Amino acid sequence: MSDQPVLVQAINSSSIDRLVSFVPDSFQISWELNGDYKLSFTAWDDKSPAFANLNAESIIRFANTDYVIKQVTPTDSKGIETVNVSATHVYSDISRVFQRNVKKGDVNYGPADILNFYLKDNKLGYSFQVNGNFSKVKVTDLGNSSAKDALSKIVELWPDAVVYPDGKQIKVYDHDHFFKNYGHRIDYLNSASEVSFDYDSTDIVNQVRAVGPTFEKTIKTGDESKLDGTTSAVKGDWGPAIRYAAKITGTSINDDEVNKIKNVIQHESQGNETVVNHWDSNAAAGHPSKGLLQFIQSTFDHYAIKPYTNILKGFHQLLALFNDSNWREDIKLGGWGPTGGRRMDKVKLPSKSSGAKKVIAAAKKYLGVPYVWGGHNKSNPRAGMDCSGFVSQVYHDLGIEIPAYTVAMEKYGKTVSKPQTGDMLFYGRHGASYHIALALDEKNMIFEPQPGQSCRMEPISYYKPSWIARNDKMAKIVAEGKGDKGSDATTSVTTTENYFEPFIVQDDESIKKWGLHPGGDVTSDTIKNADQMKKWVMTQLKPNPGLSVKVTTIDNNEPTPGDMIRLEIRPKQFITNMGVVGYEYYPFSKLNPTTVTLNQNAKTILDYEKARNRNFQTATQNAGNHANNNASGQETWTDEEVGQFGAGV
């Protein structure tokens, strides 16, 4: 039993009085990893100043730790006034520190950066200490919340982080710096009277998609992404690319001429745009013919149209063909070659309509807005939106009202085969869609991904929709200004690129044992290497069922948070090390034992499974012995023991 005094200090008072009129068996301290840290007790009125000061916001000081009274419930019974007191550790009052400033935009932070932003120069005396290694992660618009919210954000962003207070100093640990072996052990039936197991497979996640950071890339010369037509063979047919090359060079062409060019392509290269001729006279002279139409380099360079100057790109050769003012006479089977003058130096491409630009701008302004399930407040969209709320908001901003629920949104568009700006990209079958994105153009989309992430863009090919719907009012906006003057093909464009394409990461052993349990995307804004990303993502999976162990001890000692205790249940052949992640401690009671909650880890699961298998094998063997010798004396498990060792698992 503790001999530490219980002291009471009233709010706004320097006077400290000792409380003696509490019920010893009711005095409890409870702690839970990254959760509650409380003190509670029942006291009776002994007319002392200490009892009189048991009011909300008064301080209870016990074992050099302060607790702030949050609830006081008086009761009168048989002429005696009692109160039930509930107090929280003083660190919980960090919620009174509020950071009203906001660091706008996406910024990479570590836990120390976040705590420094919230706690620097605070008036309540809170400080912090970070122990361990934490990689920096992206946070959008940090601020306008309490320091308690900041601690929650840290636990959310770094799942293995542990927040443990030392008075008003907030200590943040990574897993390996918090859980330590202090040489303690709990031995069932020796130092523990009861051990209960809770085995839960609800949270298994053994397959996710890894999504890395992006960067902006500026393209100043010919990039095929600027072309919105067909630039390569379609199932071996170069016809569509021939027609598109003619279109953007301002060349009229009929079906016979298309077929004539296709025949020349077949004769010269069999449709192979990278083939090089090493056997004719040009090759012997050191000038081999190359590519789709078998240009020699010097001739191609003369007719090529900037910025499409790659001789091994078939579409670039088609543009060079149409740049020959005499192409109709020159294109022929066997020994063809351009003889005319150059028609143009640059290609003018159709620009995006002013309407499409307006829609794209309306959508991009929400980049970085966090995903909030059910969030679609039209008056304050930057507070957060979910996937359907985001699409509905963009439509709303453009004067089009549609619901903010995927299934209800389906009837506001007609199904189309290829996307254009403003189209709705649905995931899931008609009538049961579960996700939606907005098309920025034919190749890219913008969307709200999932909780913990923010509005972002990525290629449609990364996550192809189940079907596409086009809203007539949106299509009308997109069509505005389509007659605008064409754009110069050499104008710089900026694209968002991935350091590596998203890929699936899974734990094959877990899948084999427990079946497939897929989870959402795991993202990093700092890991740029795919192999490093895979190693990190593997640590974020939850490949095994959760195993929680609660131990009722025989002694009444206060546990040490993070203590890696050796747990032994020798009758059941179970021995493992587990960390203390919670406890209930009665420092003055002779009746109420201490209970300790121990955590799971991968080794614990394996030890548990091995112990169960050993006991099953032993039971099977002894059942056979019992059949041959009823006097074997084999130990029989009671119902209580079975319950203590994972019944129903």
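Bear in mind that the values here come from a model prediction, so they are computed numbers and not experimental data.

Criteria and thresholds
- Residues numbered from 1 in each chain as written.
- Predicted model: local features only at pLDDT ≥ 70, side-chain atom pairs only at ≥ 80, totals over all residues.
- Heavy atoms only, no water.
- Core = buried A, V, L, I, M, F, W, Y, C linked by side-chain atoms within 4.5 Å.
- Buried < 20%, exposed > 50% of the residue type's maximum accessible area, 1.4 Å probe, protein only.
- Helix = DSSP H or I, 4+ residues; strand = E, 2+ residues; numbered from the N terminus.
- Contact = heavy atoms within 4.5 Å.
- Pairing = 2+ DSSP bridges.
- Axes fitted to C-alpha atoms, helices over the stretch in contact; angles between N-to-C directions.

Student: Hey, could you run me through the nonpolar core in this one?
Tutor: Looking at soluble globular proteins, one finds that nonpolar side chains tend to be buried together. With 74 residues, the main nonpolar core has Leu19, Phe27, Ile29, Phe41, Leu54, Ile60 and Val549 as its most contacted residues. Here this core takes 6 residues from strand E30 (residues 574-585), the largest share from any one element. Sequence-distant contacts of isoleucine 29, that is, excluding residues within four places in its chain, are made with Tyr37, Lys38, Leu39, Phe62, Tyr67, Tyr583, Glu584 and Tyr585.

Student: Teacher, can you tell me more about the sheet that holds strand E12 (residues 169-173) here?
Tutor: Consider a sheet: its strands pair through backbone hydrogen bonds, and that pairing is either parallel or antiparallel. One open sheet accounts for 3 strands, arranged E9-E12-E11; its pairing is mixed. Every interior strand has two partners, whereas the edge strands, strand E9 (127-131) and strand E11 (162-166), have only one. Averaged over all neighbouring strand pairs, the angle between strand axes comes to 25°, with direction disregarded. Taken together, the 5 bridges between E9 and E12 define a ladder with parallel strand orientation. Its bridge partner lying in E12, phenylalanine 128 is registered against isoleucine 170. On the sheet, helix H2 (residues 111-119) packs against E9 and E12 and is oriented at approximately 180° with respect to E9.

Student: Sorry if this is basic, but what is going on with the pairing of strand E19 (residues 424-427) here?
Tutor: Each regular strand displays side chains that alternate between the two surfaces of the sheet. Every second residue of E19 is oriented toward a common face, with Met424 and Phe426 on one face and Leu425 and Tyr427 on the other, all of them buried. Relative to strand E20 (residues 435-439), E19 runs antiparallel, the two sharing 4 bridges. Across the sheet, methionine 424 pairs through a bridge with leucine 438, a residue of E20.

Student: Looking at this structure, how should I read the environment of proline 449?
Tutor: You can see proline 449 is positioned in the loop between strand E21 (444-447) and strand E22 (456-459). What makes proline 449 buried here is its relative accessible area of 14%. Distance in space between the C-alpha atoms of proline 449 and cysteine 387 is 6.7 Å, their sequence separation being 62 residues. In this view, proline 449 contacts Tyr371, His435, Ser454, Cys455 and Arg456; residues no more than four positions away in its chain are not counted.

Student: Help me understand unusual backbone geometry, please; the structure alone is not making it clear to me.
Tutor: As a rule of thumb, non-glycine residues mostly have phi less than zero, and peptide bonds are mostly trans rather than cis. With an omega of 5°, the peptide bond running from lysine 306 to proline 307 counts as cis. Position of proline 307 among the secondary structure elements: in the loop between helix H8 (297-303) and helix H9 (314-322). Positive phi, normally seen in glycine, also occurs at aspartate 121, with a value near 60°. As for its position among the elements, aspartate 121 is in the loop between H2 and E9. Accessibility expressed as a relative area gives 63% for aspartate 121, which makes it exposed.

Don't take any of this as a statement about function, it's just geometry.
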